[in-house]
Amino acid sequence: MDDNDQVIFYPNQGVDPHNRCCGGSMWCIQDICGIICAIFTWLLILYAEFVVTFVTLLPCPYPIFQCVNMVIFQIFAFLAMASHLRTMFTDPGAVPKGNATKEMIQHLGLREGQVIYKCPKCCCIKPSRAHHCSVCQRCIRKMDHHCPWVNNCVGEKNQKFFVLFTLYIAAMSMHALYLCVSQFVWCLHSEWKQCSWYTPPATVVFLIFLGFEALLFAIFTMVMFATQLQAICSDETGIEQLKKEEARWMKKSKWKSLQAVFGRVSITWLSPFSQPAPKIKVDNYLQV
């Protein structure tokens, strides 16, 4: 079934409680590996916060340098954390389990010769370009990949937040790397006198670990950011590229593909708090 196929609306059958918490109000994958990876991500961000704040900026004797860099780093950190949480707790576009019943199919009002697909693993009516995730145990619309670092799939509804997460982590990492180098140079220039609240060995250890973390994550997230943009512009998900699937859908232009993910061009492209309005109606049989 294509996105342009006829849809028939009927009353919602309720919220599917699978992969949900807080009384079904929040999407949450209960995967121990993903939860550990997500917590580890938060701990790394907190470590960067600690070193940047208490090792490099607060001991700095230059108020303007201190204030400007503190504001910039905290903005990047806040947006990165917000993007991570939105990616993690946003339904990526899951199709309800077990909805491939005769009653549901009859409600679709299919035309003669029209074909629909059923997922044998979660027994759902499988939309075009949906793929089954073995971790989420659901079919996900326009699934790109499952990312353990956000403990969720990256799909139709949360790809924007994942792209912003990679962007802000990369920006945060590059800024932290700059501050590490600046602090180290300043300490060498002042012969380690009053350049840090900690002893020289402790300061060196803090800076080395933060520099290694920042460099590693900057490279990883910049590559992931570029990969995501390439997939969006080509209107082809990561799974579709990996499987080299033949495009059975009408591909959009690069500009329209970007708008489909981020919405109309505005400052909200950079905000993890705005959700692009869907341009197509989705029938209740596809809604969680």
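Computed from a predicted model, the values in this text were never measured in an experiment. (Residues numbered from 1 in each chain as written. Predicted model: local features only at pLDDT ≥ 70, side-chain atom pairs only at ≥ 80, totals over all residues. Heavy atoms only, no water.)

Chemist: I'd like to hear about the overall build of the chain, residue by residue, with values.
Modeler: Assigned secondary structure in the chain consists of seven helices and nine strands. Burial analysis of the chain (288 residues in total) assigns 47% to the buried set. With the model as given, the accessible surface of the chain reaches about 15500 Å², and the carbon-plus-sulfur share is 68%. (Helix = DSSP H or I, 4+ residues; strand = E, 2+ residues; numbered from the N terminus. Buried < 20%, exposed > 50% of the residue type's maximum accessible area, 1.4 Å probe, protein only. Areas by Shrake-Rupley, 256 points an atom, 1.4 Å probe, with all protein chains shown as cover.)

Chemist: Outline the UniProt feature "transmembrane region" (unreviewed entry) in the chain, listing residues and values.
Modeler: Feature annotation in UniProt places "transmembrane region" (unreviewed entry) on residues 35–57, 63–82, 161–186 and 206–226, given in this structure's numbering. Secondary structure across residues 63–82 divides into 100% helix and 0% strand, with the first and last C-alpha atoms of the span separated by 28 Å. For residues 161–186, helix accounts for 100% and strand for 0%, while the C-alpha atoms at its two ends are 37 Å apart. (UniProt positions renumbered as here; feature names shortened; annotations may be inferred.)

Chemist: Kindly report on helix H4 (residues 159–189), identifying the contributing residues and their values.
Modeler: Between its first and last C-alpha atoms H4 spans 45 Å; for 31 residues at 1.5 Å apiece the expected length is 45 Å, and the two agree. Taken from the residues just after H4, Glu-191 is the one with a positive phi, measuring 55°. (Expected span 1.5 Å × (residues − 1).)

Chemist: I'd like a description of empty space enclosed by the protein, backed by residues and values.
Modeler: Under the definition given, this model contains two cavities of 30 Å³ or more. Volume-wise, the largest cavity comes out at about 130 Å³. Taken together, Thr-41, Leu-44, Ile-45, Ala-48, Ile-169, Met-172, Ser-173, Ala-176, Leu-210, Glu-213, Ala-214 and Phe-217 make up the full set of residues lining the largest cavity. Looking at the lining of the largest cavity, the elements that each hand over two or more residues are helix H1 (32–57), H4 and helix H5 (200–233). Of the residues assigned to the lining of the largest cavity, the class counts are nine nonpolar, two polar and one charged. As a volume, the second largest cavity reaches approximately 80 Å³. (1 Å grid on protein atoms, 1.4 Å probe; cavity = no way out; pocket = protein on both sides within 12 Å on 5 of 7 lines; lining within 4 Å. Points joined across faces, edges and corners; volume = space filled by probe spheres on them. Nonpolar A, V, L, I, M, F, W, Y, C, P; charged D, E, K, R; others polar.)

Chemist: Give me the nonpolar core: which residues, what numbers.
Modeler: Grouped together as the largest cluster of nonpolar side chains are 28 residues, with contacts concentrated most on Val-52, Phe-162, Met-172 and Leu-210. For this core, the elements supplying multiple residues, two or more each, are H1, helix H2 (63–89), H4 and H5. The leading source of residues in this core is H4, at nine residues. Every residue in contact with Val-52, bar those within four places of it in the chain, is listed here: Leu-57, Phe-73, Ala-176, Leu-179 and Leu-210. (Core = buried A, V, L, I, M, F, W, Y, C linked by side-chain atoms within 4.5 Å. Contact = heavy atoms within 4.5 Å.)

Chemist: Describe the side chain of Asn-19, and please don't skip the residues or the numbers.
Modeler: Considering the arrangement of structural elements, one finds Asn-19 in the segment before strand S1 (20–21). A distance of 2.7 Å separates a polar atom in the side chain of Asn-19 from the backbone oxygen of Cys-136. Apart from the residues within four sequence positions on either side, Asn-19 is in contact with Met-26, Trp-27, Cys-28, Ile-29, Cys-136 and Arg-138. (Polar contact = N/O pair within 3.5 Å; in protein donor to acceptor, adjacent residues only side chain to side chain.)

Chemist: Break down the sheet that holds strand S7 (residues 138–141) for me, with residues and values.
Modeler: Taken together, three strands build an open sheet; the order of strands is S3-S7-S6 and the sheet is antiparallel. Two strands bound the open sheet, and with one partner strand each, they are strand S3 (94–95) and strand S6 (130–133). Where S6 meets S7, four bridges bridge the pair, whose relative direction is antiparallel. Bridge pairing in S7 links His-132 to Cys-139. (Pairing = 2+ DSSP bridges.)

Chemist: Please provide a residue-by-residue account of the packing of aromatic side chains, values included.
Modeler: Counted under the stated rule, the structure contains nine aromatic pairs. Each ring, one from Trp-255 and one from Trp-269, has its centre 5.9 Å from the other, and the planes form 40°; the classification is tilted. You can see Trp-255 sitting in helix H7 (residues 254–262) and its partner Trp-269 sitting in the segment after H7, a full 14 residues away along the chain. Each member of the aromatic cluster is reached from another via a ring pair, and the members are Phe-50, Phe-54, Tyr-198 and Phe-206. (Phe/Tyr/Trp six-rings, centres within 6.5 Å; stacked < 30°, edge-to-face > 60°.)

Chemist: Let's hear about the packing of H2 against H4: which residues, and what values?
Modeler: The geometry of H2 relative to H4 is characterised by a closest axis approach of 8 Å and an angle of 150° between their N-to-C directions. Compared by their axis directions, H2 and H4 come out roughly antiparallel. Considering the relative orientation of H2 and H4, their crossing is left-handed. Residues Phe-65, Asn-69, Ile-72, Phe-73, Phe-76, Ala-77, Leu-79, Ala-80, Ser-83, His-84, Arg-86 and Thr-87 of H2 touch H4, and the partners they reach there are Phe-161, Phe-162, Leu-164, Phe-165, Tyr-168, Ile-169, Ala-171, Met-172, His-175, Ala-176, Tyr-178 and Leu-179. In the contact of H2 with H4, the residues fall into 18 nonpolar, five polar and one charged. (Axes fitted to C-alpha atoms, helices over the stretch in contact; angles between N-to-C directions. Parallel < 35°, antiparallel > 145°, perpendicular 65-115°, else oblique. Left-handed = near helix turned anticlockwise from the far one by under 90°.)

Chemist: Please provide a residue-by-residue account of H5, values included.
Modeler: The first and last C-alpha atoms of H5 sit 48 Å apart over 34 residues, in line with the 50 Å expected at 1.5 Å per residue. Phi turns positive, to about 55°, at Asp-235, one or two residues after H5.

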